[in-house]
Each structure stands twice: as C-alpha cells, then as structure tokens.
Amino acid sequence: MKSFVFSDDQGLIPAIATLARGLGEFDAYTAGSASASLSRYGASKVFIFPEANLTDAIADLLSAKLVSGEYKYGFIASTVNGRDIAGLISAKANVNALAEISSFQDSQSSVRTKRFSFGGKSVLEEESNARIFTVAPGIADPKEVDHESQVEQIQLGPSKISVISSEDKKSGGVDIEKAQAIVSIGRGLGNKDKLSVIEPFASSINAVIAGSRPVCLDYHWLSEDRQVGLSGKKVRPKVYVALGISGQIQHIAGMRGSKIVIAINKDKSAPIFDECDYGIVGDMFQIVPKLVEELKK
Amino acid sequence: MGYNTIVLIKVIPDLEQIKADQNGSINTKNIPLRIETLSENSIEAAVQLREKHGGKVTGIIFGAQESIPIMKKAYAMGVDDGFVITGYQGNNPHLTATVLSKKIKSMPHDIIVMGNQSADSYTGLLPGMLAAALGYTLIGNAVSIVPVERKIRVKKFLESKNVDVEAPLPAVVSVAQEINEPRLPPVMQIMAAGRKQILTESVTPSQDNSVKVISNTAPKSERRKNIFEKPEEGIPAIAKVLKEELR
C-alpha cells in the first residue's frame, strides 16, 4: 500500500510526509523549485510539477493514479490550491474525501479521522472509506530520515488554465507558523499607532506580532500573512500571548496547537479566558509596559 | 448579451448559537439559519458581473425547507431568479455536487460563482467536486472576476502569492471574502424581494453510509485557566512563565 502527499507550499510537506511515512511507502508531489529539505522526509520519490496553479492537470494526474490503484490514500495540504485539487480528485476518481483532518488512523477496511466542525465548535470523529484527505497543519511533528529521496521534475498533461502573472504578497517578512513566541493582537488594540506599545514587549521575548482576522483583513493594522485563525495561519508556538483578543472560536482554531497560551483582556467574560493557561483581567496598555519592566528584572 | 451567472448560496446554522450540552454533545437542532458570509460575497460578485456586463443572475440554494425564505435576501441583493432545492441531508459534498450539477446543467450558464469554503464545516471540497461533476475548469479563491469574450480572467489569492489566471467559459469560480463588500439592500428592494416568487423542488437523496460519525463533541480545553483578576499578581507570575518557557 502506497500513499501520495501533495502540497504546493513546500513548508507543509515535512509534517504530512511524516504522517504518510507511518503508513508505509509514499511519494511526495509539489511545485516550483525544489528545496533541498524536501528529500529528507522519507518519500520514495519527490516529484516536482512546473506550476501549482494548473489544478485541473494536477488533479487528472493524481486521480488516475488513485483509480489505477498505484496509491491507496492521498494526503493534501489544506492550501487554496490543495483544497481545489482534493475536491477535483475526489469527484474524478469517485472516492470519498475528508477535509482538514487533524488525526488519522488506518485499519484494514476503513479509516478513522478527526476534524473540526461547526466553525471549530465541535470535533467530528468519523469512520469512512475515504481515500483523499486535506490535512490541517500540525498533524505530525516533522521527523527527518537518514536517507535522501530521489527528486524528479515531471510534466503535467493539458490544462485549460493559463497563468498570466504572479506576484509575491506584501509580507512583513516573517513566517508566523515557524515562530517560537507570538504576541497576537485583537480589535482591543484600538488603532494601528498603539502597536508601539506592543512592539517593545514582543521584542523583549523575541516574539513575532500576529493578529486576529479583523486586525489583519479589515483594519490592515498588520499584513495578511500575520493572521491567525481558521481562515488564516494555524500556529503552534511555545508561547502565544493574546492581547485584546476576545477568543472567537475561529481564532482559537488557529492557535490551539500552542504550548502555553497567555491572555490579557479587559472583559472578564471573554471566551479567551477559557482557552488560556494564564490570564490577566485588565487593560493591556497598563499591563504590557509593566510586564516589560518585570521581564527586565 | 452578457453572461448567465449562477450563484450557489449556502444556508448554515448560526454558529454563534451552537452550544455544547453538559456532556459536550453539540446540539444543532432549532438553531436559526442564516446565509453563509461567503455566499453574500458570491451574490455581490454575481450581481456586479451583471451590472458591468449584462446578463442574468440565478441563485440556487440546496438546503432544507427552512432555507426557502433565505432566498429573499438574495433577491434583495439583486439576484434575478431563485431556486431552492430541498432535501439536503447534511454534510456530503459528493451528493451536493451531484444535485447542484444536475440543476446547473438544466439552465443556461456561463459562470458559476460560489464561496471557497463555508464557515460551518470548512471543507473547501465542494468547488472542486462541482467543477469535476460539471466537467468545467475551477478557479479558486478569486478576488476579482473579469469575463473577456468566452474566457474569464481571475485574480486568485494564494497563501503567499496573488496569481492572475485565465480559463475558458463555462467555469466555476470560488470567491474569497476579500473580493468585495456585500451591499446592504435598500428597504424598497427588500420589500420587493418579499413578493418575488421562489421556485422550489425537492430531491430524495439515496442514503450514503460511507462516512459514519463516531462522535461529535465540543473540543475539550485542557488549558490551566490560571486567571488573575489583580494585575499586580498576574504580572510577576506571567513574567516568570515567559522567562521559563522562552529560556
């Protein structure tokens, strides 16, 4: 039994590859220029497509390999292109697909998976005959192996999609998914200028600054790539400090993997206090500078 | 002239009102229904296409009997014709894709617009399944849609890039929330929408037990919940934790 792993974001391959390796042999597929680290996660072969946006052609290739029996399961990173491809493969190959799984167990005749439902309010545990899965970040802790996979460039079949142009997103130049410490701000910040109160604190603990959906997408106090949440990045730092974040379930879904969660919020009844390890009820503008002083001691 | 746009409208339970009982079981019965946020963006995108290029906007809801009134909101926002297909049995994207593709094939269409993921299950699988069922190209997570003759040019938002792509029509386009700000319809339009006819039909989907739910419960928070109501106590305690964890 062999599986395949696909992610257009190469940074997500290590975790998914580690999951697939636990089930047996697997091949990994990605696009773009191959980074050296891709070959260190135990894939029998790493295949590189020239372009990730030709989702129809990628789905054609992978669904044919599922139908032919070359692969039993496909694990696909839950990215924009990954979800599109997973849906296409599922229908083309006529196999069931389950989305955003956070746990996977294989038995002889079925698989058992877990995923969030109702916007993160519940966890669905399911038993199914699904063969295609989109995978939530953090499904496994990436582990390298001591041999290198063979890397091969492969061409795609015909696509109806033409890529006209592509531009990198404006980014703050940080990858919050890799951060060890995150200071995350919510609407409670009030306005962008107040970031100056938060910055000394973040730098004192070597944290990157991230934010909730309104902060990044509605008010643009922070760049989009710093958004934590169900529709943003899923982060797993050692320490996650939530400042003025009420703790809507969609936000919690993006930071649930954090080791320690600290919350500061004026509202004693804010849901974030049910999802934190340590919390202070109070005004972040008073508390944060004092915390910086205390950390200097 | 113009383009026939079909907009797929999803009706979901109001997630804010979903609560777990003492045993952690999730109750979704008798929760008020609302239009999915991305469906509002989809309607807005479809109506803007008609405003700029002419043509017609048809809305389709696949839902329960209770979803029928939701179409009025779509009408108020500018949808020309609305169909509600009842018989939706919960999350089964394969079945949903089959039902929707049959309906779409029965009417004139150039562009099918839908949300890229829905806020309740967040599967994000339906756009691909529907495109495959229809045999059309899918362009995902669009933030702009511009038809040019028999093609469509779409800017799609990826995680680290924005990409412009082109595909032939008919096409399925899934939209991101950033595509637009859905309009708030004026009162006159809301009143007119209330009088407009909504066509309904029902399907009786065959039972599919290939995905069995073992449990559906609220995630347990195993956090310590050490909350300080006096900042003067909390500050030193938290500073200590930060120093220890980030040594």
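This text follows the structure it describes.
Below you will find a few notes about this structure.

Rules used throughout
Residue numbers restart at each chain and count upward from 1, following the sequence in its written direction. Chains and ligands are labelled sequentially in the order written, the chains with letters from A and the ligands with numbers from 1. Totals for whole chains, interfaces and linings use every residue, but because this is a predicted model, local features are given only for residues with pLDDT of at least 70 and side-chain atom pairs only at 80 or more, for both listing and counting. Computation of side-chain values covers all heavy atoms of the structure but excludes hydrogens and water. Any two of the Phe, Tyr and Trp rings considered here, Trp counted by its six-membered ring, make a pair once their centres fall within 6.5 Å; the pair's planes then place it as stacked at under 30 degrees, edge-to-face at over 60, or tilted in between. Secondary structure is summarised from DSSP: a helix means a run of H or I of at least four residues, a strand means a run of E of at least two, and numbering begins at the N terminus for each. Under the scheme applied here, a residue whose accessible area is under 20% of the maximum for its type counts as buried, over 50% as exposed, and between as partly exposed, the area being computed with a 1.4 Å probe on protein chains only. A ring has a charge above it when a Lys NZ or an Arg CZ is no more than 6 Å from the ring centre and no more than 35 degrees off the ring normal. In the cavity and pocket records, a cavity denotes points on a 1 Å grid over the protein atoms alone where a 1.4 Å probe fits but cannot get out, a pocket denotes an open set with protein on both sides within 12 Å along at least 5 of 7 lines, and lining residues are residues with an atom within 4 Å of a point. Grid points are joined across faces, edges and corners, and a volume is the space filled by probe spheres set on the points. When residue character is reported, Ala, Val, Leu, Ile, Met, Phe, Trp, Tyr, Cys and Pro are called nonpolar, Asp, Glu, Lys and Arg charged, and the others, Gly included, polar. Lines are fitted to the C-alpha atoms to define the axes, a helix being fitted only along its stretch in contact, and any angle between axes, read from their N-to-C directions, falls within 0 to 180 degrees. Here roughly perpendicular refers to angles of 65 to 115 degrees, roughly parallel to angles under 35, roughly antiparallel to angles over 145, and oblique to all remaining angles. Crossings are assigned a handedness: left-handed for a near helix turned anticlockwise from the far helix by less than a right angle, right-handed for a clockwise turn. The contact rule is simple, with two residues in contact once any of their heavy atoms fall within 4.5 Å.

### Quick word on the packing of aromatic side chains
- One pass over the structure, following the stated rule, counts 14 aromatic pairs over all chains.
- Centre to centre, the rings of A:Y29 and A:F47 are 5.0 Å apart; their planes meet at 25 degrees, and the pair counts as stacked. Residue A:Y29 is found in strand β2 (residues 25-31), and its partner A:F47 is found in strand β3 (residues 45-49); the two are separated by 18 residues along the sequence. A single burial state applies to A:Y29 and to A:F47, both of which are buried.
- An angle of 90 degrees between the planes, with centres 6.2 Å apart, marks the rings of A:Y29 and A:Y71 as edge-to-face. With A:Y29 in strand β2 and A:Y71 in the loop between α2 (55-67) and β4 (73-77), the pair connects residues that are 42 residues apart, well separated along the chain.
- Among the residues examined, A:Y29 registers a relative accessible area of 1% and is labelled buried.
- Residue A:Y71 is classed as buried on the basis of its relative accessible area, which comes to 0%.
- Chaining the aromatic ring pairs together yields one cluster made of A:F4, A:F6, A:Y29, A:F47, A:F49 and A:Y71.
- For the cation-ring pair, A:K194 lies above A:F285, with the distance from its terminal atom to the ring centre recorded as 5.0 Å.
- In this structure, B:K103 is placed above the aromatic ring of B:F83, and the distance from its NZ or CZ to the ring centre is 4.1 Å.

### Brief notes about the layout of surface pockets
- One number sums up the size of the second largest pocket: a volume of about 1200 Å³.
- Surrounding the second largest pocket, 42 residues form its lining, B:Y88, B:Q89, B:G90, B:N91 and B:N92 being those nearest its centre.
- Mapped onto the lining of the second largest pocket, the elements with two or more residues apiece are β5 (97-106), β6 (111-117) and β7 (122-128) of chain A together with β2 (11-13), α3 (93-105) and β14 (211-217) of chain B.
- Residues of the lining of the second largest pocket, tallied by class, amount to 19 nonpolar, 16 polar and seven charged.

### Comments concerning the packing of α3(B) against helix α4 (residues 126-134) of chain B
Residues and elements named next belong to chain B.
- Running from N to C, α3 and α4 point in directions that differ by 45 degrees, and their axes come no closer than 9 Å. Looking at the two axes, α3 sits oblique to α4. Relative to α4, α3 is oriented so that their crossing is right-handed. Counting all contacts with α3, which are made through P93, H94, T96, A97, L100, S101, I104 and K105, the residues of α4 involved are L126, M129, L130, A133 and L134.

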